Amino acid sequence: MKIAIIGSGLIGQSWAMIFAGAGHTVTLYDIVSEQVSKALETIATNLKNYESQGCLRGQLTASRQVSLITGSSDMQECLNGASYVQECVPESVDLKRQVFNQMDMYITEDMIVASSSSCLGVSQFVGEMKNKHRTLVAHPVNPPYFVPLVEIVPGPWTLPEVSQQTRTLLESVGQAPVTLSKECPGFALNRIQYSIINECWCMYKDGLLSAADIDKLMVNGLGPRYAFIGPLETMHLNADGIVDYCKRYAQGAYNVSSTLTPPPIMYDIPTAENVQSELSSAVPLEQLLERRKWRDRHLAALASLKNQL
Ligand code: NAD
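Here is a short report on the structure shown in this document.

Each value, and the rule that gives it
- Residues numbered from 1 in each chain as written.
- Predicted model: local features only at pLDDT ≥ 70, side-chain atom pairs only at ≥ 80, totals over all residues.
- Heavy atoms only, no water.
- Helix = DSSP H or I, 4+ residues; strand = E, 2+ residues; numbered from the N terminus.
- Rg over C-alpha atoms; globule rule 2.2 N^0.38 Å.
- Buried < 20%, exposed > 50% of the residue type's maximum accessible area, 1.4 Å probe, protein only.
- Contact = heavy atoms within 4.5 Å.
- Areas by Shrake-Rupley, 256 points an atom, 1.4 Å probe, with all protein chains shown as cover.
- Near = heavy atom within 4 Å.
- Polar contact = N/O pair within 3.5 Å; in protein donor to acceptor, adjacent residues only side chain to side chain.
- Nonpolar A, V, L, I, M, F, W, Y, C, P; charged D, E, K, R; others polar.
- Pairing = 2+ DSSP bridges.
- Axes fitted to C-alpha atoms, helices over the stretch in contact; angles between N-to-C directions.
- Core = buried A, V, L, I, M, F, W, Y, C linked by side-chain atoms within 4.5 Å.
- Expected span 1.5 Å × (residues − 1).

### As for the overall build of the chain
Part 1 of the reasoning: The helix and strand tally for the chain stands at 12 helices and 8 strands.
Part 2 of the reasoning: Taken over the C-alpha trace, the chain has a radius of gyration of 21 Å; the compact-globule value for 309 residues is 19 Å, and the two agree within 12%.
Part 3 of the reasoning: In terms of overall dimensions, the chain has a C-alpha envelope of 60 × 45 × 45 Å along the principal axes.
Part 4 of the reasoning: Within the chain, the proportion of its 309 residues that are buried is 39%.
Part 5 of the reasoning: Taking the contacts inside the chain whose residues are at least 6 apart along the sequence as the reference set, 66% of them involve residues at least 24 apart.
Part 6 of the reasoning: Roughly 17,100 Å² of accessible area belongs to the chain as shown, and the carbon and sulfur atoms make up 57% of that amount.

As C-alpha cells, then:
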C-alpha cells in the first residue's frame, strides 16, 4: 500500500518509519524541499541505529525499509496512488485548513486523509472540503515509534468506515489505536493527562510533596502498573470485580475526590520556576536533549520487553 506523509518534521518522520517497518511504500512531502532530504537522511540514520540497537520494527532490514521511503516536493505526486495520507504540518488551524483544502482536489474515493493534530478536531479545518467525509484525526503520542497509542477522532462528517479502516490499518502496522465517538477538547489522552498534572500541581503548591517525590509516585507507583493494566481493570483486579470494588471503595474514593481542587487550574509561572529549579538539579536545561534520548532508549526497551511477554 502507498502511504503519503504531508510534512516531514519530527512526527512525519516517525510515521514514515512506522509504515515502512510494516512493508508499505511511503512518500514524504514538505513545503520546504531541503527539509525532505534532511528528513530522509535522519530516517536512514535512525533506522540503522535502531537495527544495531535491536529495536528496529518489523521483519525487513533497515536498508530495505529505507528503500521503501522516498521524498517529493510536489503534493500531487506525493498523493497520487496513495491509499492513506497522514498530515503532519505544524499545529495551526489556518495552516491545516490551507493544506487540507489544497489536498482536496487530489483525494480519491478510496483515500483516507488523517491529521496528526494534537488538539484540533478536523471540524475546525475541513468544513470547506468536498471530501471532508474521508478525513479524521489520528493523533500519535511522542515518540510514536516506541509509544504505540493513536487516538482516532472522527469529525462530524467522517464516514464510519473511514474510522474503522484507519483503526485496522494502524493495528496492522503495530500501533495501538483507540477510537473516540466524537470530537472533544483534548481528545481522551490529554484529558486524563491534564487531570493528573492538575493534582500534581496542587499537591506541590500545598507543599505536600517535593517535585521529585511527585514524579517518583508515578514512576514507581502508578506508572509500572499502568504499563500493563489500565485504571478500570485495576479496579476490577483489586476486588472481586469492579462492581465489588465500587461497593467497597466508592465512598472512600468519593470522600477523597471531593477534596480535589476543581478545574480549571492555571499552571502559574512562579510555581513553575520553583519546580524547574528542583528538576534542574537532576536534569539541567542544557541536558534536556540528552535526557530525551535516554527517555527514548528506555521506551524502546519497554516496547521490546512488552513484545516478548
Ligand atoms: P514539525 O515542526 O517538526 O514539522 C512540521 C513540518 O511541516 C515541517 O517540516 C514543515 O516544513 C512542514 N510544513 C509546514 N507547512 C507545510 C505545508 N504547507 N505543506 C507541507 N509541509 C509543511 O512538527 P511536528 O512536531 O512533526 O508536528 C506535526 C503535527 O503533529 C502537529 O499537528 C503536532 O501537533 C502533531 N503532534 C506532535 C507531537 C510532538 O510531540 N511533536 C505529538 C503528537 C502530535
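### Notes on the site of the ligand
Part 1 of the reasoning: As a structural note, the neighbourhood of the ligand is formed by 23 residues, with Ile-11, Asp-30, Glu-91, Lys-96 and Ser-118 the closest of them.
Part 2 of the reasoning: Between Leu-10 and the ligand, the recorded distance is 3.1 Å, taken from a backbone N or O atom to an oxygen atom.
Part 3 of the reasoning: Within the side chain of Ser-118, an N or O atom sits 2.8 Å from an oxygen atom of the ligand.
Part 4 of the reasoning: The fraction of the free accessible surface of the ligand (840 Å²) that becomes covered by protein chains is 78%.
Part 5 of the reasoning: Breaking the shell around the ligand down by element, the ones donating at least two residues are helix H1 (10-21), helix H5 (93-104) and strand E6 (135-140).
Part 6 of the reasoning: Here the shell around the ligand takes 3 residues from H5, the largest share from any one element.
Part 7 of the reasoning: Among the residues forming the shell around the ligand, the class breakdown is 11 nonpolar, 9 polar and 3 charged.

### Topic: the sheet that holds strand E4 (residues 84-87)
Part 1 of the reasoning: Strand order across the open sheet formed by 8 strands is E3-E2-E1-E4-E5-E6-E7-E8, with mixed pairing between neighbours. If you trace the sheet from one side to the other, it starts and ends with strand E3 (69-72) and strand E8 (176-179), each paired once. Direction aside, the axes of adjacent strands within the sheet are offset by 25° on average.
Part 2 of the reasoning: For strand E1 (residues 2-6) and E4, the ladder comprises 4 bridges, and the chain directions are parallel. Residue pairing in the sheet places Ile-6 in a bridge with Glu-87 of E4.

### A closer look at the nonpolar core
One recurring pattern in soluble globular proteins is that nonpolar side chains are buried together.
Part 1 of the reasoning: Counting 34 residues, the largest nonpolar core has Phe-19, Leu-47 and Tyr-84 as its most contacted members.
Part 2 of the reasoning: Broken down by element, this core gets its largest block of residues, 6 residues, from H1.
Part 3 of the reasoning: Each residue touching Tyr-84, except ones within four places of it in the same chain, is listed here: Lys-2, Ile-3, Ala-4, Phe-19, Ile-112, Ala-114, Ala-138, Thr-166, Leu-169 and Leu-170.
Part 4 of the reasoning: One finds Ile-6, Tyr-29, Val-85 and Val-153 within the second-largest nonpolar core, a separate group that totals 24 residues.

### Quick word on the environment of Pro-143
Part 1 of the reasoning: Checked against the element boundaries, Pro-143 lands in the loop between E6 and strand E7 (149-154).
Part 2 of the reasoning: By relative accessible area, which is 9% here, Pro-143 ends up buried.
Part 3 of the reasoning: In sequence terms Pro-143 and Ile-11 are 132 residues apart; their C-alpha atoms lie 8.1 Å from each other.
Part 4 of the reasoning: Those residues within four positions of Pro-143 in sequence are excluded, and the remaining contacts are Arg-295, Asp-296 and Leu-299.

### Description of the side chain of Ser-8
Part 1 of the reasoning: Here Ser-8 shows up in the loop between E1 and H1.
Part 2 of the reasoning: Residue Ser-8 is classed as buried on the basis of its relative accessible area, which comes to 0%.
Part 3 of the reasoning: Setting aside its immediate chain neighbours within four residues, Ser-8 contacts Gln-13, Leu-28, Tyr-29, Asp-30, Gln-35, Val-36 and Ala-39.

### What about helix H2 (residues 33-53)?
Part 1 of the reasoning: With 21 residues, H2 should reach 30 Å at 1.5 Å per residue; the first-to-last C-alpha distance of 31 Å fits that figure.
Part 2 of the reasoning: Restricting attention to buried positions, one finds in H2 the residues Gln-35, Val-36, Ala-39, Ile-43, Ala-44, Leu-47 and Tyr-50.
Part 3 of the reasoning: On its buried face, H2 sits against H1, strand E2 (25-29), helix H3 (62-68) and E3.
Part 4 of the reasoning: Count one or two residues on from H2 and you reach Gly-54, which has phi positive near 80°.

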